[in-house]
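The primary structure of each chain is shown beneath.
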Amino acid sequence: MEKHLHPSVEKFKQFVKKHPKIIQEVRNGQKTWKEFYEDWYLFGEDDEIWKAYKQNQEPIKRKEKSSNRWIEKIANVIQNMDANEVQKHLASVQQAIDAIQNIITQFQGNEKQHMGITKDEHPFSFRKD
């Protein structure tokens with residue numbers, strides 16, 4: 001059975017082949033694949049941060065980005081978001097929360113039944129003599 005990767009992961013693999021110093025940093029433990037993938041996904045392939053990872057170039061230290069550059073990147077990320085994907089993720093999170101709430105409710109119901117307590121009953125019954 002052949003394993004098919006998500007198209008964005010395939011694109012990231014091609015990107016890494018063009019920037020072999022990324023592999024060195026991961027192997028040296030300086031950064032994880034996840035961190036590189038998130039940076040690639042957020043900033044894109046053409047960002048200045050990747051210049052340090054191209055072959056046959058000296059590493060370039062990251063410069064502090066001006067607030068305008070940072071805002072542009074945030075706007076770019078928001079613009080590239082797929083609203084349907086975000087909605088799917090939110091729906092799955094909501095389903096998980098609902099399932100957890102149902103389990104808690106069931107346990108609370110079982111606990112009350114185990115103790116023999118209902119809403120109208122009290123644990124001690126007192127009678128008038």
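What counts and how
- Residues numbered from 1 in each chain as written.
- Predicted model: local features only at pLDDT ≥ 70, side-chain atom pairs only at ≥ 80, totals over all residues.
- Heavy atoms only, no water.
- Helix = DSSP H or I, 4+ residues; strand = E, 2+ residues; numbered from the N terminus.
- Buried < 20%, exposed > 50% of the residue type's maximum accessible area, 1.4 Å probe, protein only.
- Contact = heavy atoms within 4.5 Å.
- Areas by Shrake-Rupley, 256 points an atom, 1.4 Å probe, with all protein chains shown as cover.
- Core = buried A, V, L, I, M, F, W, Y, C linked by side-chain atoms within 4.5 Å.
- Arc of directions from axis to C-beta.
- Phe/Tyr/Trp six-rings, centres within 6.5 Å; stacked < 30°, edge-to-face > 60°.
- Lys NZ or Arg CZ within 6 Å of the ring centre and 35° of its normal.

Things to note about the overall build of the chain
If you tally the helices and strands in the chain, you get five helices and zero strands. What you see in the chain, going N to C, is helices and strands ordered as α-α-α-α-α. Within the chain, the fraction of its 129 residues that count as buried is 15%. Within the chain, residue pairs in contact and separated by at least 24 positions form 49% of the contacts whose partners lie at least 6 positions apart. A total of about 11900 Å² of accessible surface is found on the chain, and carbon and sulfur atoms cover 54% of it.

Topic: the nonpolar core
The nonpolar side chains of soluble globular proteins are, as a tendency, buried together. Listed in full, the 11 residues of the largest apolar core are F12, F15, V16, I22, V26, F36, W40, I49, W50, A52 and Y53. Where this core is concerned, the elements lending two or more residues are α1 (7-18), α2 (21-27) and α3 (33-43). A per-element tally of this core places α1 first, with three residues. Not counting residues within four places of it along the chain, the set of residues in contact with I22 comprises F15, V16, W33, F36, W50 and Y53.

So, α3
For α3, the complete set of buried residues consists of F36, D39 and W40. Seen along its axis, α3 keeps its buried residues to an arc of 100 degrees; they face one direction. Exposed residues lying more than 90 degrees from the buried face of α3 are K34 and Y41. Contact partners of the buried residues in α3: α1 and α2. Looking one or two residues beyond α3, the residue adopting positive phi is G44, at roughly 90 degrees.

Description of the packing of aromatic side chains
Under the defined criterion, the tally for this structure stands at 11 aromatic pairs. Between W50 and Y53, the aromatic rings sit 5.9 Å apart at their centres with planes inclined by 50 degrees, giving tilted as the arrangement. Residue classification places Y53 among the buried positions, given a relative accessible area of 6%. Members of the aromatic cluster, each reached through a chain of ring pairs, are F12, F15, W33, F36, Y37, W40, Y41, W50 and Y53. Over the ring of F36 we find K31; its NZ or CZ atom is 4.7 Å from the centre of that ring.

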